[in-house]
Amino acid sequence: KAGVTQTPRYLIKTRGQQVTLSCSPISGHRSVSWYQQTPGQGLQFLFEYFSETQRNKGNFPGRFSGRQFSNSRSEMNVSTLELGDSALYLCASSREWGTGELFFGEGSRLTVL
Amino acid sequence: AQSVTQLDSQVPVFEEAPVELRCNYSSSVSVYLFWYVQYPNQGLQLLLKYLSGSTLVESINGFEAEFNKSQTSFHLRKPSVHISDTAEYFCAVRSYNTDKLIFGTGTRLQVFP
């Protein structure tokens, strides 16, 4: 059974650009969560989607957005990139909404120059 | 609001020595508790969880954690560590009345030969 797949694994952008990150959950999992991981802040919750609906949102500015498709795949988008957006973005899936039993991908490492 | 505190950012220990990684949480309602592990350049993996029932929970690789409601703690222990246990360990909490999984800032366990 394939795990959570995130693409791209690494990317470099410049300030002001936008970026889209993709996440394919484990087959049969309907919930996808996104986290931002940085050395100073640890893991910060971005949002959680279930059945194409955003069920929870963290305390990030509106530049951070996401969506989930009918096949449960999810994307997150960050517009007008800032240097502080450099981080590892982790996607996690779970079978149902609201469970703490998450299966994580290896992440997309974003560097903003 | 719920929160998680991991008091130790780094824990160095020699191989075969015992280790305890501390985790305290705050929540006004009952909680589910988790420990996740992140090996270098990988995503997070669920190590063990407390949902209900016995307050002592164990993982398949020798770690255990005990839920202490009066002290609002969920410390992770292992009686004898191996080099391969070197990783970052994250404590996480989800309250009954919210669906966000909130992580602590992590503890880096470094096992020396």
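Scroll up to find the structure.
*Asks:* Sorry, what's going on with the overall build of chain B here?
*Replies:* Within chain B one finds 0 helices and 12 strands. Going from the N terminus to the C terminus, chain B shows its helices and strands as β-β-β-β-β-β-β-β-β-β-β-β. A compact globule built from 113 residues would reach a C-alpha radius of gyration of about 13 Å, and chain B, at 14 Å, matches this within 12%. Projected onto its principal axes, the C-alpha coordinates of chain B cover approximately 45 × 30 × 20 Å. Counting every position in chain B, which comprises 113 residues, the buried fraction comes to 46%. Contacts spanning at least 24 positions in sequence make up 57% of the contacts within chain B whose residues lie at least 6 apart. Of the accessible surface of chain B, which amounts to about 5600 Å², a share of 49% is contributed by carbon and sulfur atoms. Of the charged side chains in chain B, 8 are positive and 10 negative; the average position of the first set lies 10 Å away from that of the second.

*Asks:* I'm lost on the side chain of Q36(A) in this one. Help?
*Replies:* All names here are of chain A. Following the sequence through the fold, Q36 ends up in strand β4 (residues 31-38). The buried category is assigned to Q36, whose relative accessible area is 7%. In this structure Q36 touches G42, L43, Q44, L46, F60, F64, G84, D85, A87, L88 and Y89, once residues within four positions along its chain are discounted.

*Asks:* Where do I start with unusual backbone geometry in this structure?
*Replies:* A negative phi angle is the norm for most residues apart from glycine, just as the trans form is the norm for most peptide bonds. Geometrically, the link from T7(A) to P8(A) is a cis peptide bond, its omega value of -10° lying close to zero. Structurally, P8(A) can be placed in the loop between β1 (5-7) and β2 (10-13). Of note, S72(A) is a non-glycine position whose phi angle comes to about 80°, a positive value. Mapped onto the secondary structure, S72(A) falls in the loop between β7 (64-68) and β8 (74-78). For T72(B), which is not glycine, the phi torsion reads 45° and is therefore positive. Within the element layout of this structure, T72(B) appears in the loop between β8 (64-68) and β9 (73-78). Residue class for T72(B) comes out partly exposed when judged on its relative accessible area of 29%.

What counts, and where the lines are drawn
- Residues numbered from 1 in each chain as written.
- Chains lettered and ligands numbered in written order.
- Predicted model: local features only at pLDDT ≥ 70, side-chain atom pairs only at ≥ 80, totals over all residues.
- Heavy atoms only, no water.
- Helix = DSSP H or I, 4+ residues; strand = E, 2+ residues; numbered from the N terminus.
- Rg over C-alpha atoms; globule rule 2.2 N^0.38 Å.
- Buried < 20%, exposed > 50% of the residue type's maximum accessible area, 1.4 Å probe, protein only.
- Contact = heavy atoms within 4.5 Å.
- Areas by Shrake-Rupley, 256 points an atom, 1.4 Å probe, with all protein chains shown as cover.
- Lys, Arg positive; Asp, Glu negative; His and termini not counted.
- Charge placed at Lys NZ, Arg CZ, Asp CG, Glu CD.

These results come straight from atomic positions and should not be treated as a statement about function.
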